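Survey of secondary and tertiary structure
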Amino acid sequence: MAKGNQRDYYEVLSVTRTAAVDEIKAAYRKAALKWHPDRNPENKSESEVKFRECTEAYSVLSDPQKRQIYDTYGHAGLSSSAGQGFDNTVFQDFHDIFGDFFGFEDLFGRGSGRRGRSRAQRGADLRYDMSLTFEEAAAGVATKIKLPRQEFCEACNGTGAKKGSGVQTCHTCGGRGQLAYTQGFFSISRTCPDCQGAGQIVKERCPECRGQGRFEREKTIELRIPPGVDTGTRLRVAGEGEPGPNGGPAGDLYVVLEVKEHQFFERRGADLYCTIPVSVAQATLGTELQVPGLNGEEKLKIPEGTQSGAVFRIKGKGLADPRGGGKGDLFYHLRVITPSKLTREQRKLLEQLGTTLRVENRPAERGSSIFDKVKDIFG
Ligand SMILES: [Zn+2]
Ligand SMILES: [Zn+2]
């Protein structure tokens, strides 16, 4: 029946052609325990081949449909997936047969062995709120945070049991986790006080964690906050959440940022806006101003005849986009300040000026409204 160098599946498992499913399962268990590479450290590569061989045989013979095809057509009848290896469903049976005895993911690198069966769960995600000054958020910052966190006890692998002692069924409740009391017609259940409802107790508690499997520890985590973050930005630090119960993977840490407002700048995305007051004379005659920028001062040239409300832009001097897409701009919005208190001399000069300086006091046409002007500049 064997084709090429493939051994007959019945021969591999040393069972007869009429063997029942239970017999095949038992034979496989025996063979797998014998050939598991962890049990054959001196002969790892040969045992791995044998282990795969018997697993493949079992994956076919334990499936009535595949077994019938194999009985009729031999290896050639099986689909390439069954013929060249075995599909992942066989790994689900491992836990029926062996429990958690072996780390199958490690052996096959598929991660399918624990699917849907395991008690191991992913740990909880943690949230850490962090406040930054505007300058820190603009420049980015490398910092350390101290996080009180449940740490997995390494001495007992999180089981809470002293090394080598294992767990046993709770005698008080017989593994049910609940105790029932009957009083007259009533039956009342309550959580078993000895195992706290787990149904299992450790024989001897791990001395490191006093049987808890974990303990709270302050963990220092280094954080790199990219430049340009804003209030509400959420940074994910993978694997720095709580450890998973029963040795499951850790959750993630989310650092949620709050950025304090700047004294002058208002932020819209990566762009910054600031209002600069100027005098009538400055706006009329033009000038050069030193204005606050993100990194020190910026020079802003005000041309002759600048109107109140005009907006000037300095390109690329805004905030960084934390998603890595360039930089925003700086916008300066000019406000011409009308003098409200004048000395006698100023009043005289202005009155004099007023006789020759005239504006037609008729409504501005719609096309020249301030909104249209701003739109032009923002483009
Ligand atoms: Zn422990
Ligand atoms: Zn109990």
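**Examining the packing of helix 2 (residues 21–35) against helix 3 (residues 44–61)**
Contact pair helix 2 / helix 3: the axes reach a minimum separation of 9 Å and the direction vectors enclose 165 degrees. With respect to helix 3, the axis of helix 2 lies roughly antiparallel. In the packing of helix 2 onto helix 3, the handedness of the crossing is left-handed. Residues I24, K25, Y28, A31, A32 and W35 of helix 2 form the contact with helix 3, whose own contacting residues are S47, K50, F51, C54, T55, Y58 and L61.

**A closer look at the layout of surface pockets**
Estimates place the volume of the second largest pocket at around 500 Å³. Lining the second largest pocket are 14 residues, with V280, T284, L350, L353 and L357 sitting closest to its centre. A total of four residues in the lining of the second largest pocket trace back to one element, the largest contributor, which is helix 9 (residues 280–285).

**Brief notes about the coordination of the zinc ion (ligand 1)**
Around the zinc ion (ligand 1), the protein supplies C153 (SG), C156 (SG), C206 (SG) and C209 (SG) as donor atoms, at distances of 2.2 to 2.3 Å. For the zinc ion (ligand 1), the four donor atoms in the first shell make angles of 103 to 114 degrees at the metal, so the coordination geometry reads as tetrahedral. Read from N- to C-terminus, the donor residues coordinating the zinc ion (ligand 1) fall into the pattern C-x2-C-x49-C-x2-C. Of this pair, C153 sits in the loop between strand 2 (141–152) and strand 3 (167–169) while C209 sits in the loop between strand 6 (200–202) and strand 7 (214–225), placing them 56 residues apart in sequence. As far as burial versus exposure is concerned, C153 and C209 are alike and both buried.

**A word on the sheet that holds strand 11 (residues 271–279)**
Across the sheet, four strands lie side by side as 10-11-15-14; this open sheet has mixed pairing. Of all the strands in the sheet, just strand 10 (266–268) and strand 14 (311–314) have a single pairing partner and so form its edges. With direction set aside, neighbouring strand axes in the sheet form an average angle of 30 degrees. Of the strand pairs in this sheet, strand 10 and strand 11 are connected by three bridges, and their pairing is antiparallel. Within strand 11, the residue paired with R268 across the bridge is D271.

**Focus: the confidence of the model for the protein chain**
Caution applies to low-pLDDT parts of the model: their predicted coordinates are not meant to be read in detail. Across the protein chain, pLDDT averages 79, with 82% of residues at or above 70. Confidence drops under pLDDT 50 across residues 80–92; counting only partners more than four residues distant or on other chains, this segment forms 29 contacts. Scored below 50 in pLDDT, residues 375–379 shows five contacts in the model against residues more than four places distant or in partner chains.

**Remarks on unusual backbone geometry**
A positive phi angle, close to 55 degrees, is found at S14, a residue other than glycine. Looking at where S14 falls in the secondary structure, it is placed in the loop between helix 1 (9–13) and helix 2.

**A few points about the coordination of the zinc ion (ligand 2)**
Surrounding the zinc ion (ligand 2) are the protein donor atoms C170 (SG), C173 (SG), C192 (SG) and C195 (SG), which sit 2.2 to 2.3 Å from the metal. Seen from the zinc ion (ligand 2), its four donor atoms lie at angles of 103 to 116 degrees, and the figure they make is tetrahedral. Counting residues between consecutive donors of the zinc ion (ligand 2) along the chain gives the motif C-x2-C-x18-C-x2-C. Accessibility classification places C170 together with C173 in one group, the buried group.

Quick notes on the rules
Residues numbered from 1 in each chain as written. Chains lettered and ligands numbered in written order. Predicted model: local features only at pLDDT ≥ 70, side-chain atom pairs only at ≥ 80, totals over all residues. Heavy atoms only, no water. Axes fitted to C-alpha atoms, helices over the stretch in contact; angles between N-to-C directions. Helix = DSSP H or I, 4+ residues; strand = E, 2+ residues; numbered from the N terminus. Parallel < 35°, antiparallel > 145°, perpendicular 65-115°, else oblique. Left-handed = near helix turned anticlockwise from the far one by under 90°. Contact = heavy atoms within 4.5 Å. 1 Å grid on protein atoms, 1.4 Å probe; cavity = no way out; pocket = protein on both sides within 12 Å on 5 of 7 lines; lining within 4 Å. Points joined across faces, edges and corners; volume = space filled by probe spheres on them. Donors = N, O, S within 2.8 Å, 3.2 Å for Na, K, Ca; no water. Tetrahedral: all angles 85-135°; square planar, octahedral: opposite > 155°, others 65-115°. Buried < 20%, exposed > 50% of the residue type's maximum accessible area, 1.4 Å probe, protein only. Pairing = 2+ DSSP bridges. pLDDT = per-residue confidence, 0-100.

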